[in-house]
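Listed here are the chains, written in short residue letters.
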Amino acid sequence: MRAGAVVRAMCFCAALAISAVASAQSAAAPQQASNVPVCAGCHEDKWTSIAMSAHGAKNDASGSMCQACHGDASEHIKDPANAKPANPFSRLTPATAGEQSNVCLACHAGHRELTFWESGKHAKQDVTCANCHSIHGKERNPVVAPYTTSFRPNEADVCGTCHQQIRSAIMKPSHHPIIENKMKCSDCHNPHGALSPVMLRHESVNAECTSCHADKRGPFMFPHPPVDENCLSCHNPHGSVHYMLTNEHVPNLCQDCHDWSKHPGSFYQGNSGWLTPQGTPNSSVSTRLIARSCLNCHNAIHGSNAPGARGKFLTR
Amino acid sequence: MNRTAISTLIGGLLAAHSVAAQTLYPWLIEGAVTAGGIVTNESGRDTSKIEEYRDLNGGVLSNIFVHGRDDKNWFDAYGENFGRDDMYISLRGGQYDVFKYRIYTNWLPHNLAFAARSPYSGIGTNTLVSSFPQTDPNSWNQFDLGFQRKDTGGYFEWQGTSPWYFRVDGNRVSSSGTKVGSGALGTSPGNGFADLAFPVSYVTSTVSAEAGYTTRSMQFSAAYMYSRFTNDNPVLQWTNPFFGSQLDSTYLPLDNNYQRVALNGVLRDLPYGSTLSARYTYSKTTNDTSVAQFALDSGGIYAPTLPDSSTFNGNIRDQTFSVSLTSTPVKNLDTKIYYNFYDHDNQSTSLTFSPNSPVSCDDGCQNFLYDYRKNNAGVEGVYRFDRANRLSAGWDYLSIHQNRMDYDDVTNNKFWVEYKNTSLDTVSARIKYWYLERRSNFLEGNAGTGPNDPNYLNRFINRFDNSPLDQNQVKVQVDWNPFPLFDTSFEYIYRDNHYKDTTLGRTADRRNEIFATASYGDLKKWRVTLMGDYEWVHYDSYHRNISDTNASNAFDPFAPASSSNYNWFATNKDDNWLIGVGLDWYATDKLTIKGSLLYFESDGNSDVMSQNNFGNPLPIEAYDNWKRTSLNLKAIYALNKNWSFTGGYAYERTRYNDIAFDGYQYTIPFPPVANNTGQSYLNGYRAFTDANANIFYVLATFRF
């Protein structure tokens, strides 16, 4: 079945390519027009880098797309050596971050992704469009990451150049599949601005998390209130050394809130595990410390639909 | 949506591209096809941690990329790992300024444990049965714990009637397999537990529609979303040896419906360079179920639960409103004023289970339905002295009103200030300080009648998520390029939380984090990147151990300590560090070498102390201790402009030590005891994850 799926999927993409080429041949343009701009006469590599993009598609022989970003080049064409366009992206005389971004926003401001650009952190921190988007292609630093079966570039490599704390967090043993390229930073955050804190796409942390983890939406017959209030009370979504992205090792995470008679406040320590401090099997191993600790019994930690005490104490 | 339908749809769309618009320029097509193989040699009893989100099984690796456009139409088709558990396919396209679309499928394996064991049969179903006692783990059933997630969906957006646009999105996420779960066997911690494999057969289907009006100076949109989550197995039944080996029930996530309406609006180009942004959302989450009328109890009897309602109707309504005004009131000063409102209203069925039920609470079990209302407002300003110096400051206020039993009103005030300097061509530096003050109204100050009443303890339990808090954080960031081809980046974060007035609970936590990156070399010839970080995190907490509830003043933490009832104190420490190096070397005009080496280590421990050393406190030396090595090497040889060949090798090594798993056994007690109805049964999840993997792959790529 798997081999069949491979063949079908590859045939589908190959057919797509063939039909595209056929369409190109059959839909012959009435004239062999060219949108290669005059700028390519000297800046061929810059033209080549955008030729296949929307920017290239909208260009024309006079280089109107080039000038839309790099400034009027009419004098520059006449005297390339001495008359430079007022290029806001020039390394020698760069414009301010806001001025650079306004170049892009002149066309893209109406894009729905940019609805809340002005309210976002990146705009406030002078992060420009060109900091993340490489219009002409940019060589990037070597990727330092574990092997992944994905061939695609990883968005996190871009975000991680500034957000080093997050870059390190996603490398931790318990993490969302970001380094595996199965999730992107922009799945949860809108880097183009949002009204929510930390530019979440959804209006709250819980709405964000349950958009994927729909099984945690509830409503539960017996909810666990800190779960309803904020997933981040217990979890670090970027990565953790503790399992299930928790902030602290259990049972301590639970005991930081639950201190009661008998086992909630029980003293779990070095001789509560599988082995004694001497390394021999422990005849007094505590079922509340080993394995999943509190969750061995209180499994329904996000809420329960069980009746009576089984539900109230989240054991079923 | 099946593959035939997808292929047909794509073919139709492509044909539509070609005929729908007269084009000036011919189609340009480029792409690449990659195929090869992967071989993995793994050692370790359970290699699931290495393969957690990856399919490393030997077989074919493949990748296709085709990109095409003319002056009006475009498409991107991409697919990788066809037929593998981590397959990804995406097709995007459209006609510039007229419409665009995307169709995709993204498969994600989630491997939790390989060669797990269970005394139960029926793994993967909603009924797990066994005959107890089960004293020989070697005779148990073996299985792999984990599930496969498949996300398939797409969108279509119409822009042809700009400034109006219309968009529809939809996706279907299915998860199937098993996940971690367990069940307490009795009603007391001493009655044992059993690891269970919860069946996973989830489907989440989401559709949304959006319409909007968008120009350079204003944007308005309205969107409606409907999402339905279904679970084929809302109840898992399993043999419970403690209760007469009858079938017990664990209740899994119910089907739910989620609906959301969102309204967005933005007005730009207002006076003083202002932009006014606003958003309103209303959402409703609902489900319903019959309330279980019986529950398995002592002696294998199904005891009546005696609820005051036979059905539970879940109904949670959330409303939010956000508004933000950004302005430049005077030259060089940018400001932002904002307000956010959140209302969480749980209108679900209020249930009480009679105390006369054997499976109810002593005073009856009533469900607690949590509501809150939050008001958040703030102001920020950025003053630019000149292009190289800027000073920012802000104040954020948050007020929470909720129906929690311990805290009803909580207010946060956060003040922050930041200075950024870029006056030197080679250095950019930023330092930020913030102070957060949280104050909360504690409702349990008079809880309980006296120190012999268990409720009296509530006077002293202060839960860190709401307790009064003083937080200080400092962040320093420096980017330095001292000479050509070399750049470095350094970041330091310090955070200190002091939970004020806390007697029992988390009293403090602190973290120091250092991150650094350095890169050197000509990007067109060779470049090396070094990265590293060190993090030091401590949590302090104070607790009370109460073993003798009948002792005098048992529930008073200020009472004299005894060998049964005493206070104890813990400091949990997580020290972890990461170092990595990456290299890109363009050895010749045809040969490129890329390499990466990462090493991560974490050392966790818990220092514990107690009054008078009661309980014989011994530190926990291994508390989530990890060592992970990842080596990734590949060589790419470009035979000509069309053909290239890649050979790669990767090595992964993972080691894990933790008191909860070192010396692991499948039963408690071990050796297992026949006729012990309170014996615990474990399946090996997380217990044997030390593993190595050698991964070899070769690929051939044809570009066109």
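Keep in mind that this is a model prediction, so the values were computed, not measured.

*Asks:* When you look at the overall build of chain A in this model, what are you seeing that I'm missing?
*Replies:* When you go through chain A residue by residue, the secondary structure sums to 15 helices and 2 strands. Burial statistics for chain A: of 316 residues in total, 54% are counted as buried. Within chain A, counting contacts between residues at least 6 apart in sequence, those at least 24 apart form 44% of the total. Of the accessible surface of chain A, which amounts to about 13,500 Å², a share of 62% is contributed by carbon and sulfur atoms.

*Asks:* Looking at this model, I keep getting lost on the overall build of chain B. Mind explaining?
*Replies:* Helix and strand counts for chain B stand at 1 helix and 35 strands. Dimensions of chain B along its principal axes, counting C-alpha atoms only, are 90 × 65 × 55 Å. Burial statistics for chain B: of 704 residues in total, 53% are counted as buried. At a minimum sequence separation of 6, the contacts of chain B that also span at least 24 residues come to 63%. Within chain B, the 73 negative side-chain charges are centred at a point lying 8 Å from the centre of the 60 positive side-chain charges.

*Asks:* What am I meant to see in the interface of chain B and chain A here?
*Replies:* Often, the extent of an interface is quoted as the loss of accessible area on bringing the components together. Counting residues at the interface gives 242 residues for chain B, matched by 151 residues for chain A. In this assembly, chain B packs against chain A so that about 16,000 Å² is buried in total across both faces, 57% of it on carbon and sulfur atoms. Of all residues in chain B, B:Y25, B:Y53 and B:P189 give up the largest surface area on contact with chain A, accounting jointly for 4% of the area buried on that side. Linking chain B to chain A there are 14 salt bridges. The partner of B:E80 in a salt bridge is A:R152, and the shortest N-O contact between them spans 3.2 Å. At the surface where chain B touches chain A, the tally comes to 87 residue pairs in polar contact (both at pLDDT 80 or more). Of all the elements, strand β28 (residues 526–546) of chain B adds the most residues to the side of chain B that touches chain A, at 13 residues. Its residues placed into classes, the side of chain B that touches chain A shows 108 nonpolar, 80 polar and 54 charged.

*Asks:* It is not clear to me how helix α6 (residues 97–108) of chain A should be interpreted in this structure. Could you clarify?
*Replies:* Residues separated by three or four positions in an α-helix point in the same direction, a consequence of the helix having 3.6 residues per turn. Residue and element names in this part refer to chain A. With 12 residues, α6 should cover 16 Å at 1.5 Å per step; its first-to-last C-alpha distance of 16 Å lies within 8% of that length. When we look at burial in α6, the residues that qualify are A97, Q100, S101, V103, C104 and L105. At its buried positions, α6 is contacted by α4 (64–70) and α8 (129–132).

*Asks:* Would you mind showing me how to read the pairing of strand β23 (residues 407–421) of chain B here?
*Replies:* If a strand is regular, its side chains alternate between the two faces of the sheet. Residue and element names in this part refer to chain B. Two strands pair when backbone bridges link them, and strand β22 (residues 389–402) and β23 are joined in this way by 13 bridges, in the antiparallel orientation. Pairing of Y397 across the sheet is with N413, part of β23. Taking the residues that link successive antiparallel strands as the turn, the β22-β23 hairpin has 4 residues. For β23 and strand β24 (residues 427–442), the ladder comprises 13 bridges, and the chain directions are antiparallel. Its bridge partner lying in β24, K420 is registered against R430. In this structure, the hairpin formed by β23 and β24 is closed by a connection of 5 residues.

*Asks:* What's the story with the packing of aromatic side chains in this structure? I'm lost.
*Replies:* By convention here, two paired aromatic rings are described through the distance between centres and the angle between planes. Residue and element names in this part refer to chain B. Tallied over the full model, the rule gives 43 aromatic pairs over all chains. Seen in terms of ring centroids, F132 and Y681 are 4.9 Å apart; in terms of plane orientation they differ by 55 degrees. Their pairing is tilted. Here the residue F132 occupies a position in the loop between β6 (127–128) and β7 (141–158), and Y681 occupies one in strand β34 (residues 680–681), the gap between them amounting to 549 residues. Owing to a relative accessible area of 17%, F132 belongs among the buried residues under this scheme.

*Asks:* Sorry if this is basic, but what is going on with the pattern of salt bridges here?
*Replies:* Opposite charge on two side chains allows them to pair when their charged atoms are near. For the structure on display, the rule yields 41 salt bridges over all chains. When the shortest N-O distance is used, the salt bridge between A:K172 and B:E535 registers 2.7 Å. Highlighted residues: A:K172 in the loop between α10 (164–169) and α11 (185–188) and B:E535 in strand β28, drawn from two different chains. For the pair A:K172 and B:E535, one class covers both residues: buried. With a closest N to O distance of 3.5 Å, B:K594 and B:D584 form a salt bridge. In this pair, B:K594 is assigned in strand β30 (residues 591–610) and B:D584 in strand β29 (residues 565–585), connecting sequence segments 10 residues apart. Looking at B:D584, the relative accessible area reads 9%, which means it is buried. Sharing partners across several salt bridges, the network here consists of A:D126, B:D334, B:R384 and B:R390.

*Asks:* For this particular structure, what's the right way to read the sheet that holds β6(B)?
*Replies:* The strands making up a sheet associate through backbone hydrogen bonding, with each pair oriented either parallel or antiparallel. Residue and element names in this part refer to chain B. On the basis of which strands lie adjacent, the open sheet formed by 3 strands has the order β6-β11-β12 and mixed pairing. Looking at which strands have only one partner, the edges of the open sheet turn out to be β6 and β12 (246–251). Relative to β12, strand β11 (residues 235–240) is paired through 6 bridges, and the arrangement is antiparallel. Residue pairing for β12: N240 is matched across the bridge by Q246.

*Asks:* Honestly, the side chain of B:H67 in this entry has me stumped. Any pointers?
*Replies:* Considering the arrangement of structural elements, one finds B:H67 in strand β2 (residues 59–69). Polar side-chain contacts of B:H67 include one of 2.5 Å to the backbone oxygen of A:M52. Filtering out sequence-adjacent residues up to four positions away, B:H67 remains in contact with A:M52, B:L28, B:I29, B:E30, B:F75 and B:D76.

*Asks:* Sorry, what's going on with the pairing of strand β14 (residues 274–290) of chain B here?
*Replies:* All names here are of chain B. Across 12 bridges, the pairing between strand β13 (residues 256–270) and β14 is antiparallel. Along β14, the bridge assignment pairs L270 with S274. A loop of 3 residues connects β13 with β14, the two strands running antiparallel in sequence, and Y272 in this loop sits at a positive phi of about 60 degrees. Examined bridge by bridge, β14 and strand β17 (residues 311–330) share 16 bridges and lie antiparallel to one another.

*Asks:* What exactly am I supposed to notice about the environment of B:G94 here?
*Replies:* Residue and element names in this part refer to chain B. Locating G94 in the fold gives a position in strand β4 (residues 88–95). For G94, a relative accessible area of 0% translates into the label buried. Between the C-alpha atoms of G94 and G146, which are 52 residues apart in sequence, the distance is 38 Å.

*Asks:* Honestly, the state of the cysteines in this entry has me stumped. Any pointers?
*Replies:* As used in these notes, a disulfide is a covalent bond between sulfur atoms, one from each of two cysteines. Considering all chains together, one arrives at 1 disulfide over all chains under this definition. For B:C361, the disulfide goes to B:C365, at an S-S distance of 1.7 Å. Taking the torsion about the sulfur-sulfur bond, which here is approximately 95 degrees, the covalent link between B:C361 and B:C365 counts as right-handed. The two residues B:C361 and B:C365 agree in class, both being buried. Free cysteine: A:C104, not disulfide-bonded; nearest cysteine sulfur from A:C129 at 3.7 Å.

*Asks:* What is the right way to read the nonpolar core from this model?
*Replies:* Looking at soluble globular proteins, one finds that nonpolar side chains tend to be buried together. Core analysis: the largest hydrophobic core is formed by 57 residues, its most contacted members being A:M171, A:I290, B:L145, B:L196, B:Y664 and B:L682. At the level of secondary structure, the elements contributing two or more residues to this core comprise β5 (99–118), β7, β8 (164–184), β9 (193–214), β11 and β30 of chain B. Take this core: its biggest share by element is 7 residues, from β9(B). Among all residues touching A:I290, those that are not within four sequence positions of it are A:S272, A:G273, A:W274, A:V285, A:N296, B:F193, B:I659, B:A660, B:I668 and B:L682.

*Asks:* Is there a simple way to think about a nonpolar patch on the surface in this case?
*Replies:* On the surface, B:F220, B:L267, B:L276, B:L325, B:I337, B:V379, B:W395 and B:F415 cluster together to form a nonpolar patch covering roughly 620 Å² of accessible area. Inspection of the secondary structure assignment puts B:I337 in strand β18 (residues 333–346).

*Asks:* I'm lost on the environment of B:D584 in this one. Help?
*Replies:* Taking the C-alpha atoms as reference points, B:D584 and B:A184, 400 residues apart in sequence, are found 53 Å from one another. Residues contacting B:D584, with those up to four places away along its chain left out, are A:R140, A:N141, A:P142, B:K525, B:W526, B:R527, B:I593 and B:K594. Within the local environment of B:D584, its side chain forms a polar contact with the side chain of B:K594, the two groups lying 3.5 Å apart.

*Asks:* What exactly am I supposed to notice about unusual backbone geometry here?
*Replies:* Leaving glycine aside, a negative phi is the common case for residues, and trans is the common case for peptide bonds. Between A:G218 and A:P219 the backbone carries a cis peptide bond, its omega angle lying at -10 degrees. Inspection of the secondary structure puts A:P219 in the loop between α12 (205–210) and β1 (222–223). With an omega dihedral of 0 degrees, the bond running from B:F670 to B:P671 counts as a cis peptide bond. Structurally, B:P671 can be placed in the loop between β33 (667–668) and β34. Notably, B:N612 is not glycine yet its phi reads approximately 55 degrees, a positive angle. Here B:N612 shows up in the loop between β30 and β31 (625–638). Its identity as a non-glycine residue notwithstanding, B:D624 has a phi of 60 degrees, on the positive side.

Scoring rules and cut-offs
- Residue numbering note: each chain is counted from 1, following its sequence as written.
- Here the convention is simple: chains get letters from A, ligands get numbers from 1, in the order in which they are written.
- In keeping with the predicted nature of the model, local features appear solely for residues at pLDDT of at least 70, side-chain atom pairs appear and are counted solely at 80 or more, and the whole-chain, interface and lining totals rest on all residues.
- Note that the side-chain values use all heavy atoms of the structure and ignore hydrogens as well as water.
- Helix and strand assignments come from DSSP, with helices taken as H or I runs of at least 4 residues and strands as E runs of at least 2, each series counted from the N terminus.
- Here's how the labels work: a residue is buried when its accessible area is under 20% of the maximum for its type, exposed when over 50%, partly exposed in between, all with a 1.4 Å probe on protein chains only.
- Only heavy atoms matter for contacts: two residues are in contact if any of them lie within 4.5 Å across the pair.
- Each accessible area is a Shrake-Rupley result for a 1.4 Å probe, and residues are judged covered by the shown protein chains and nothing else.
- Counting rule for charge: Lys and Arg are taken as positive, Asp and Glu as negative, and neither His nor the chain ends is counted.
- For the purpose of locating charges, the reference atoms are NZ of Lys, CZ of Arg, CG of Asp and CD of Glu.
- Computed with a 1.4 Å rolling probe, the buried area is the accessible surface lost when two parts are put together, summed over both parts.
- Put simply, a salt bridge is a Lys or Arg side-chain nitrogen that is within 4 Å of an Asp or Glu carboxyl oxygen.
- N or O atoms closer than or at 3.5 Å make up a polar contact, with two conditions inside protein: a donor-capable atom paired with an acceptor-capable one, and, for residues adjacent in sequence, both atoms drawn from side chains.
- Nonpolar residues are Ala, Val, Leu, Ile, Met, Phe, Trp, Tyr, Cys and Pro. Charged residues are Asp, Glu, Lys and Arg, and all others, Gly as well, are polar.
- To estimate how far a helix should reach, multiply one less than its number of residues by 1.5 Å.
- Between any two strands, pairing holds if DSSP finds at least two bridges.
- To pair, rings of Phe, Tyr and Trp, with the six-membered ring standing in for Trp, must have centres within 6.5 Å; the planes then decide the type, stacked if under 30 degrees apart, edge-to-face if over 60, and tilted in the middle.
- Note on terminology: pairs of cysteine sulfur atoms within 2.5 Å are recorded as disulfides.
- To qualify as a nonpolar core, a set must consist of buried Ala, Val, Leu, Ile, Met, Phe, Trp, Tyr and Cys residues joined through side-chain atoms within 4.5 Å.
- Patch definition: residues above 30% relative accessible area lacking any salt bridge, with like charges linked at up to 9 Å and the nonpolar side chains Val, Leu, Ile, Met, Phe, Trp and Tyr linked at up to 5 Å.

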